[in-house]
Each structure stands twice: as C-alpha cells, then as structure tokens.
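Report on the structure
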Amino acid sequence: MDLSAINPAVLVASIMIAATPILLAALGELVVEKSGVLNLGVEGMMITGAICGFIVTVETGSPFLGFIAAAAGGAFLSLIFAVLTQYLLSNQVATGLALTLFGLGVASLLGHSYVGINPPSVPKLDLGPVSDIPYIGTMFLRHDAVVYFGIALTIAVWATLKYSRIGLVLRAVGENHDAAHALGYKVIRIRILAIMFGGACAGLGGAYLSLVRVPQWTEGITAGAGWIALAIVVFASWRPGVVLLGAYLFGGVTLLQLNLQAAGLAVPVEYLSMSPYLITILVLVIMSSRKGRASLSAPASLGHPFQASR
Amino acid sequence: MKLTSILKGAVAALALTGAAMADGHEKTKVGFVYVGPIADGGWTTEHNNGRLAIEEAFGDAVETTYVEKVPEGADAERVMTQMALTGHDLIFTTSFGYMDPTNNVAEKFPDVKFEHATGYKRLHDNVTTYSARFYEGRAVIGHIAGKMTETNKIGYIASVPIPEVIRGINAAYLHAKKANPEVEMKIVWTFGWEDAAKEGDAARALIEQGVDVIMQHTDTTAPMLVAEEAGAYAFGQASDMSAAGPTAHLTSIIDNWAPYYIERTQAVIDGTWEQKDTWDGISTGMVEFAEFSDAIPADVLAEAIAMKDAIAAGEYHPFTGPINKQDGSVYLAEGETPEDGPLAGMNFYVEGIVGDVPQ
C-alpha cells in the first residue's frame, strides 16, 4: 500500500469532474421537487441529453451547441412527463419510472450509429497564469467551463429560491398548491416550467458524461448517475448548498475507492459503493425522527397531483 | 435520420422470416444471443463479426439471426426458447451468465444444437462449450508493457473476479516482470463489464498515480480514450480499439470467433456436429492481435512476435514454472506447466502482485 501515490490536489480536481454530471442533474431535480413534483425520470433525461449533446457535437463540431442540444433534449423528454402528470394527472412515480425506461430506449435508438466515434474535445477554460498556482491551480483552476457553470448554477438556484419572488412563488406552489392557486398563481404552468428546467439540467449533466468524462457514446453511459442525483436531493434535504456538497461526496466516494485500489489498499469496495445510499437512508431516518424544521424540509405537496377545479 | 434504415431492416427481416417459412425451412438457421450491443467495440462486436463471417462463408445456404443486449437470466431463457421454436438449428449463447439458461433450454429442445461461450456446464448432449485462451495474448502484451513503461508502473483495469480475469492478470504480470524486474502492477476492479464512466475514472486514477501503460479486461473503450488524452499507452480488449486512441493504442487482443463459428455451422450442415469443449488460443487464430503500434521499438516487437509464435507452435506455455503463488508457496516447479482443468479454475494471484483477489 502506498497512499503517498495519491496526489490530493489531483484527486480533488478529478472529484470536481466526476461530481459535475450528478450535481447538474440533482440541482434540476431539486427545483422540480421544490415545485411539488417528483420526477423519477432523471436517469432517462440524463441519457437522452447525453446522446443529443453527443450527436450535435459530432455533427456540428461545436461542444457549445452540443450542450444546448443536450439541455433541449432533456427538457423535451421532461415535457412528456409534464403533460402526462400535470394535464392528464397520471401517477408521478409510475410516469417518472416509465420516463427512465423510455429515455434509455430512445437514447440507444438515436445512438445506434454513433458508437465508436470520438467527439471533438471540450476545451479547458484558459485562466492564464492563475492556473499555475501550486495546489489551488491544480485543484480548482484547470477545468472546463461546465464545471464552473455547475457551481454558478448552485449559487443561482440557492439565491433564486431564497431571495427572489420567482423562488417564493415556486416554493409556495410546492408547499401548498391550493393556497398558491387561490392567490392566483398558475400552479400547472409553474410546475411545467420547473419540470422542464429539471429536464434541461439533467440533459446537461448527461452531455457532460458523453462529451467530457468518458468522452464517447456507449449505451447505458449514465450507469445509474440519475438515481444518485435523486438520492442527493433527499440527502441534501432540498438545500442547494448541501446538494453541491453531496455531489462532491458521492462522486468522491467512487473516485476514492478507485484511487485506493490503485494505491494497493484492500478496500471493501462493496461498502464504499453502497455508502452514498446508506448515508441517504441515514439522513432520511434522522429527518423523519426529528421534530421541527428539518423534518418539514420536504415540500409539503411533493408528489400530490393538482386539479384546479377543486 | 437512421430511422428509415432501421425500418427497412425490419421490413427485410420480416420478409426473410416469411421466406424461410414458405420454403419449408431448407436453410440452416443459426441464432446468436448477445449480452451487449453489437456496436460495443469489444466483446459483442467480435461475436457479431463471427456471425457476419458465417453469412459470408455460406451465402444463401445459411440464415443467421441475433438478439442483442439480452440480460443474463430469465430473459435469456425466453430469447433462446423463442429461437428454438422458430426453427434455428444452431444457437450460440455468448456470455458466461447464459450457462444455466442454455442448459435449461437445451433440455427442452434436444434437436437444436447449443453452443455456450466461456462456460463449463454441458448437462445435455446438445450443449457444447467453447472459449479462448485470452491469457496467451495477455502474456504477449504483458511483455510489451514491461518494456514500454518508463515509470515502471502498469495499470490493469479488471472487471469481475472470475478465473478468466485473474488468469489474465497473472499472465500479464509474469511477463511484464520478466521483461522488466522493476515493474509494479496496479490493479483496479470495476465489478462490471460495461461502465464507461467508471472505467474512464479508473484509468484516470491509475495515470494520476504514475501509471503510463494501461491494460483492461473490461468492454468499453473509455480507458483507451483517457490514455490518449493523458498521453499514456494502452492495450485494447476483445476487438481492435485503435480508433479510440490512435497514438495510445499499442495493440489489442482480438477474440476471433469466425473460424470456429464457420466450422461448427459446417458441422451442423454435414450432420457431424457433436458435443465438445473447445479452448483455443493463438495457435488456431482464436486469439489474435490488432496491428502493433509504431511506438513499440523494433527489438521489443521482435521479442513479442517471437513469444507469440512460440505460443502458437506449442513450444512455450505462458505459465511455465518456476511460479510461486502470492503467499510464496510453490505453484509450478521449474519447467512445469499446468493442466487445463486447474488452469481454468485459477483463483489466486502469483507472487509479486500486491493486493488481494476480491471475494
């Protein structure tokens, strides 16, 4: 065993990359759930975004257009979910699961002729001499734009939910849709927009996998990342800052176990692999047992369908 | 987009089925059950190349069909049953996990011949098993890796701790060590066959820890892509992976199933098919190499090719004693080579490898 082989600065940099897809997807899902909708289709929207982004990047040569297409693809898929659950009042859990299965199928259909192609690479952001600062530079200042976008989005989502009027309305809809409706807010419309935002974020996260982290299209490329994103939202008890922490923690656990293995440490891999889910269960138990704020942090209308006629 | 071609394919497939029924099943029908997508660029791609080789070799005399991405388990049994019911004469099931389903379905259809890849159960007369001696290829690439590494650190991305994978690690390590006594092998297990993100992360972790040559026993090209990006070298697995890393790619171990598939199809046509167990290697061409990279120095390449030829001629066995087990106990005495039976069940590391085989 040779732990000195692990360079902490490089490890942190890798964790930031590994965490970005789940961070983006989890932030999107957080907004969706804050509006009172439970969309379990994150995995399906991610993989749809992954293939849409990949196709457009390969065809146009522009990763930027690729990420836009990924967001559009994810949002489009989530629109199906939105129509089914908001207008046709289908069960959100069942529809979300169906969306995942549908997304996986659509993605492999679209991706059939894109296997084995290498996409144009996503450029690292050139920050000039500051990226040469020892440690800090290696850790934080040598990434591509999407990594920073993820962090910026975390702050934006946090600030919007906490301080802006839109955030307040969104939370009102998620906490008590009848009251929000009585106040004259368009509950369905707000929820559909939130769902599409969630889809776009998941799509971006998926594209980060197929364009940066792997970077290639293979079937089932998301490999459960969407489910981890869902777990992070619960783990964070619907707080954007903790979502960021959770994404780094969950992404870090996988990377850490690979690094420990490479360093020759006999790690019980199974325990490390299940630790994110164990932590999530633990958080759920603590949340439900504690009285007061934390236990109430789940949006009160989460998963309840809304019908304006009542 | 490609929808039209897919639809055309579907129409053609329907037409073919109709034709086969109409002419009273004169063609020999060969079915393939694949665990991955045919375009995985690795394991399943090569099995599919074998299927295409059958079509080319027999033309109109043989009809082939396949079902891809069949999960190991009850679904596999359903797919095989369907194939048996639709007039297939020979069915290749190409993943270890199809072992029990293959035998179960074979019992119900004694007239249909079944061939199961990489398994060992032949419970009925109509079940044959076949596999390739991938470890022979790994000995050769191990030698190249030992010579090519400058940091003296070789990375090995391993999938699932089964004897086939452990045997590959041992073969590669022994020959890397022989080529370069300073060499150290870092092994990372991903516990799966196709998880591109994890395999890529594993390759990154290895490179960050000073590895400059990567081997993989997993099915995606992600490690090759990462090696290309990081300026390291890598070996492809199962299929030619040079497209994923034009400068990183040293060579790939290719599983060439085509000659075997053609031979077995011919046997069915001739009525001479019978149960057997095949474990072929470089000598029959079941294990091949992709083009060797120009980056390999001429003397190293000559040594590698000499080893390959010696293995092919049966003059050299990659596991030739003296070899000790990891705990220092003797595995093979000077000049001794293992029997196929125990070799097939190899479940320990040889001396010098750091770490434990995961349980």
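Residues numbered from 1 in each chain as written. Chains lettered and ligands numbered in written order. Predicted model: local features only at pLDDT ≥ 70, side-chain atom pairs only at ≥ 80, totals over all residues. Heavy atoms only, no water.

Concerning the overall build of chain A
Along chain A, the regular secondary structure elements total 12 helices and 0 strands. In sequence order, the secondary structure elements of chain A are arranged as α-α-α-α-α-α-α-α-α-α-α-α. For 310 residues, the compact-globule formula gives about 19 Å, and the C-alpha radius of gyration of chain A, at 20 Å, lands near that figure. With respect to the principal axes defined by its C-alpha atoms, chain A has extents near 65 × 50 × 40 Å. Residues counted as buried form 54% of the 310 residues belonging to chain A. Sequence-distant contacts in chain A: of pairs separated by 6 or more residues, those separated by 24 or more amount to 77%. Surface accessibility of chain A: about 13000 Å² in total, with carbon and sulfur atoms responsible for 72%. (Helix = DSSP H or I, 4+ residues; strand = E, 2+ residues; numbered from the N terminus. Rg over C-alpha atoms; globule rule 2.2 N^0.38 Å. Buried < 20%, exposed > 50% of the residue type's maximum accessible area, 1.4 Å probe, protein only. Contact = heavy atoms within 4.5 Å. Areas by Shrake-Rupley, 256 points an atom, 1.4 Å probe, with all protein chains shown as cover.)

A short note on the domain arrangement of chain B
All names here are of chain B. Structurally, chain B comprises domain 1 (27-132) and domain 2 (134-256 + 286-344). With centres defined by C-alpha atoms, the gap from domain 1 to domain 2 works out at 28 Å. Taken residue by residue, the interface counts 11 residues in domain 1 and 12 residues in domain 2. Broken down residue by residue, the surface that domain 1 buries against domain 2 is led by Trp43, Glu46 and Ala132, which jointly contribute 55%. Between the two partners, domain 1 and domain 2, sit 0 salt bridges. (Domains from an automatic or database assignment. Buried area = accessible area lost by both parts, 1.4 Å probe. Salt bridge = Lys/Arg side-chain N within 4 Å of Asp/Glu carboxyl O.)

Observations regarding empty space enclosed by the protein
Summed over all chains, the structure comprises 2 cavities of 30 Å³ or more. The computed volume of the largest cavity comes to approximately 50 Å³. If you trace the largest cavity, you find it lined by Val115, Thr218 and Glu219 of chain A together with Pro37, Ala39, Asp40, Glu194 and Thr220 of chain B. For the lining of the largest cavity, the per-class residue count stands at 3 nonpolar, 2 polar and 3 charged. When its volume is computed, the second largest cavity comes out at roughly 30 Å³. (1 Å grid on protein atoms, 1.4 Å probe; cavity = no way out; pocket = protein on both sides within 12 Å on 5 of 7 lines; lining within 4 Å. Points joined across faces, edges and corners; volume = space filled by probe spheres on them. Nonpolar A, V, L, I, M, F, W, Y, C, P; charged D, E, K, R; others polar.)

Describing the packing of aromatic side chains
Residue and element names in this part refer to chain B. Summed over all chains, the structure comprises 22 aromatic pairs over all chains. Relative to Trp257, the ring of Phe134 lies with its centre 6.3 Å away and its plane at 80°, an arrangement referred to as edge-to-face. Pair noted here: Phe134 is in helix H5 (residues 134-148) and Trp257 is in the loop between strand E10 (249-255) and helix H9 (258-270), with a separation of 123 residues, a long-range link. Here Phe134 falls in the buried class, since its relative accessible area comes to 6%. Between Tyr135 and Phe319 the ring centres are 5.6 Å apart and the planes differ by 45°, which places this aromatic pair in the tilted class. Of this pair, Tyr135 sits in helix H5 while Phe319 is found in the loop between helix H10 (298-312) and strand E13 (323-324), placing the two residues 184 residues apart along the sequence. Assigned by exposure class, Tyr135 and Phe319 land together as buried. Members of the aromatic cluster, connected to one another through ring pairs, are Phe32, Tyr34, Trp43, Tyr66, Phe92, Tyr130, Phe134, Trp257, Tyr260 and Tyr261. (Phe/Tyr/Trp six-rings, centres within 6.5 Å; stacked < 30°, edge-to-face > 60°.)

Thoughts on the pairing of strand E8 (residues 213-216) of chain B
All names here are of chain B. Residue alternation in E8 divides its side chains into two sets, Val213 and Met215 and Ile214 and Gln216, and both sets are buried. By the bridge criterion, 2 bridges tie E8 to strand E9 (residues 233-238) in an arrangement that is parallel. Note that in E9 the partner of Val213 across the bridge is Tyr233. Crossover handedness for the path E8 to helix H8 (residues 222-230) to E9: right-handed. (Pairing = 2+ DSSP bridges. Right-handed = clockwise from strand over helix to strand, strands pointing away.)

With respect to the layout of surface pockets
Here the second largest pocket is characterised by a volume of approximately 740 Å³. Taken together, 26 residues form the lining of the second largest pocket, with Ile17 and Lys124 of chain A together with Arg204, Glu229 and Ala230 of chain B sitting closest to its centre. Sorting the residues of the lining of the second largest pocket by element identifies helix H1 (8-34) and helix H9 (187-213) of chain A together with helix H7 (196-208) and H8 of chain B as the ones contributing at least two each. Here the lining of the second largest pocket gets 5 residues from one element, more than from any other, and that element is H8 of chain B. Broken down by class, the residue content of the lining of the second largest pocket amounts to 14 nonpolar, 5 polar and 7 charged.

Focus on the pattern of salt bridges
Pairs can form between side chains of opposite charge once their charged atoms are near each other. Throughout the structure, instances matching the rule amount to 11 salt bridges over all chains. Between Glu263 of chain B and Lys276 of chain B there is a salt bridge; the shortest N-O distance is 3.3 Å. With Glu263 of chain B in helix H9 and Lys276 of chain B in the loop between H9 and strand E11 (277-280), this residue pair connects regions lying 13 residues apart in the sequence. For Glu263 of chain B, a relative accessible area of 41% puts it in the partly exposed group. Each member of the salt-bridge network shares a partner with another, and the members are Arg213 of chain A together with Asp201 and Arg204 of chain B.

With respect to the interface of chain A and chain B
Residue-level contacts link 33 residues of chain A with 33 residues of chain B. Of all residues in chain A, the largest losses of buried area upon contact with chain B belong to Arg213, Leu258 and Ala262 of chain A, amounting jointly to 19% of the total for that side. Applying the counting rule to chain A against chain B returns 2 salt bridges. Between Glu219 of chain A and Lys69 of chain B there is a salt bridge, with its nearest N and O atoms 2.4 Å apart. Counting the contacts that link chain A with chain B gives 10 residue pairs in polar contact (both at pLDDT 80 or more). (Polar contact = N/O pair within 3.5 Å; in protein donor to acceptor, adjacent residues only side chain to side chain.)

Structural notes on the environment of Trp257 of chain B
Residues and elements named next belong to chain B. Among the residues examined, Trp257 registers a relative accessible area of 0% and is labelled buried. Each C-alpha atom of the pair Trp257 and Thr221 lies 20 Å from the other, and the pair is 36 residues apart in sequence. With residues near it in sequence (within four places) discarded, Trp257 still touches Trp43, Glu46, His47, Tyr130, Ser131, Ala132, Phe134 and Met286.

Looking at the packing of helix H2 (residues 42-60) of chain A against helix H4 (residues 92-110) of chain A
Residue and element names in this part refer to chain A. Running from N to C, H2 and H4 cross one another at 20°; their axes reach a closest spacing of 6 Å. Relative to H4, the element H2 lies roughly parallel. Two packed elements cross with a definite hand, and for H2 against H4 that hand is left-handed. Residues Val42, Glu43, Gly44, Met45, Ile47, Thr48, Ile51 and Ile55 of H2 form the contact with H4, whose participating residues are Leu99, Thr100, Gly103, Leu104, Ala107 and Leu110. Residues that form the contact of H2 with H4 fall into these classes: 9 nonpolar, 4 polar and 1 charged. (Axes fitted to C-alpha atoms, helices over the stretch in contact; angles between N-to-C directions. Parallel < 35°, antiparallel > 145°, perpendicular 65-115°, else oblique. Left-handed = near helix turned anticlockwise from the far one by under 90°.)

Some points on a nonpolar patch on the surface
Residue and element names in this part refer to chain A. Taken together, the side chains of Phe76, Ile80, Val83, Leu84, Tyr87, Leu88 and Phe102 make up a nonpolar region of the molecular surface, amounting to roughly 690 Å² of accessible area. The dominant element in the nonpolar patch, judged by the number of residues it contributes, is helix H3 (residues 63-87), at 5 residues. Its place among the elements puts Tyr87 in helix H3. Judged by its relative accessible area of 55%, Tyr87 is exposed. (Patch = residues over 30% accessible without salt bridge, like charges linked within 9 Å, V, L, I, M, F, W, Y side chains within 5 Å.)

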